Amino acid sequence: MSPDRTNPWEMAQRQFFEAAEAMGLDDNMRRVLSQPKRELIVHFPVEMDDGRIEVFHGYRVQHNIARGPAKGGIRYSPDVTLDEVRALAMWMTWKTAVVGIPFGGAKGGVQVDPRKLSHRELERLTRRFATEISILIGPDRDIPAPDVHTNPQVMAWIMDTISMHKGYSVPGVVTGKPIEIGGSRGRNEATSQGALYVTLEALPRVGLNINDAKVSIQGFGNAGSIAARLFHEAGATIVAVSDSQGGIYNPRGLDVQKLLEVKRETGSVVHYPDGDKMGSADVLEVPCDILIPAALEDQITEENADRIQARMVVEAANGPTTPEADRILHDKGILVLPDILANAGGVTVSYFEWVQDLYSFFWDEERVKSELKAIMKRAYHAVFEIVDQKKVLPRTAAYILAIQRVVDATRIRGIYP
Ligand code: GLU
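As the structure is a computational prediction, the values presented were derived from the model and not from experiment.

Rules used throughout
- Residues numbered from 1 in each chain as written.
- Predicted model: local features only at pLDDT ≥ 70, side-chain atom pairs only at ≥ 80, totals over all residues.
- Heavy atoms only, no water.
- Buried < 20%, exposed > 50% of the residue type's maximum accessible area, 1.4 Å probe, protein only.
- Helix = DSSP H or I, 4+ residues; strand = E, 2+ residues; numbered from the N terminus.
- Contact = heavy atoms within 4.5 Å.
- Pairing = 2+ DSSP bridges.
- Axes fitted to C-alpha atoms, helices over the stretch in contact; angles between N-to-C directions.
- Near = heavy atom within 4 Å.
- Polar contact = N/O pair within 3.5 Å; in protein donor to acceptor, adjacent residues only side chain to side chain.
- Areas by Shrake-Rupley, 256 points an atom, 1.4 Å probe, with all protein chains shown as cover.

Draft legend 1. Region of the structure containing helix α7 (residues 224–233). With seven of ten residues buried, α7 lies mostly within the body of the structure. For α7, the set of buried residues is Gly224, Ser225, Ile226, Ala227, Ala228, Leu230 and Phe231. On the buried face of α7, the contacting elements are α6 (190–202), β7 (214–218), β8 (237–243), α8 (256–266) and β11 (290–293). Residue Gly235 follows α7 closely and has a positive phi angle near 120°.

Spelled out as structure tokens, the structure:
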């Protein structure tokens, strides 16, 4: 990790303690909830196509399971650290609690750049990692899902690996699977769909109409690319997007269909012909109404927060804004829809997928969308009721709501033995 990068785990703990303070949480609960429950570190060999054997490092952290089985994605990234996975696991605990679905929080990661592996190498790595963490995962214990640089195919390999160990199909062990093997309709779009639903609820607070809104999106992966499409379909103008190779900006608007084609054909949105090229992080600072960070943690910081020109920040990524930046944005009058609310649509449809797998009864897309919308709207209003009552930042309000739900579950269950 570069020395100037904020440690995500320190950041997650600070956010927790700040909310704990605001709600007057007692010291016992602070001690219990500020630490992860379980952490598994694995080092495992994978045979490369040329016969070499590489050893990879991976993690699965369960932060809390008071409200139900652990839930959270697995990311493949060269920069994954234990502290990052810890932070992401804790954020999952609060996220599932904010939307009121019966899960705890977990996260996993493997230190690898999957773009440098062949399809077969990626499959062997995934199957071996799934085997290594099989001592923790299962439909009633801990249910992984896609995250940065993982996708439905990776979930299919995990599902198949665990099923081979058991000797029968276990679809409920992961979510975000292909539809053909027990995935849910609407899961691919769910994170961005949920972000759109809460954005539509929040727009009146900043006096904006979606049809007049200019949108800038950092990240063009699972969340960002679909957000571009859905926000465009809802009437907004997408003025800037970026991926890890760079960004593209056109104040008159980008053609989203063309962006998706360019990304598919050339690997990056920077090859889009009709706009100004810029750095990946520069799209955060262009004039727009809605800014959607949809990439990684630690993007909106003390260093650049003052230059952000949006009216609203919708956190499709996990942990994109540091606590210092949160304050700066608030002082500038920018409304932040925090990650644990704004991107909770993904895990909410993961919940629907898990329920469908357990029942072996599958819903149509209309049902998925309408149940998602109801949950996102309810969570949005519960959070903003706290914002208005307690005069706290939306992130703190979301934390207060979430922490209280986890505290209630912990108190009712009691401390064992
Ligand atoms: N990786 C997604 C997230 O950060 C989805 C997790 C899930 O569906 O379990 O929310």
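Draft legend 2. Quick look at the sheet that holds strand β4 (residues 74–76). Strand order across the open sheet formed by four strands is β1-β2-β5-β4, with mixed pairing between neighbours. Looking at the sheet topology across the chains shown, the edges are occupied by β1 (38–47) and β4. Strand-to-strand twist in this sheet, taken as the mean axis angle between neighbours without regard to direction, amounts to 15°. Pairing between strand β2 (residues 53–64) and strand β5 (residues 105–110): six bridges, direction antiparallel. Among the inter-strand pairings, Gln62 is bridged to a residue of β5, identified as Ala106. Packed onto the sheet, helix α4 (residues 119–132) meets β1, β2, β4 and β5 and runs at close to 145° relative to β1.

Draft legend 3. Region of interest: the site of the ligand. Residues in contact with the ligand amount to 14 residues; listed here are only the nearest, Lys71, Lys95, Pro146, Asp147 and Ser350. Note that an oxygen atom of the ligand is positioned 2.7 Å from one of the side-chain N or O atoms of Lys71. A distance of 3.0 Å is found between an oxygen atom of the ligand and a side-chain nitrogen or oxygen belonging to Asn318. When the ligand sits alone it has 300 Å² of accessible area, and the protein chains cover 94% of it. Put simply, the parts of the chain that give the shell around the ligand at least two residues each are α3 (82–98) and α11 (345–359). Ranked by the residues each element gives to the shell around the ligand, the list is headed by α11, at three residues.

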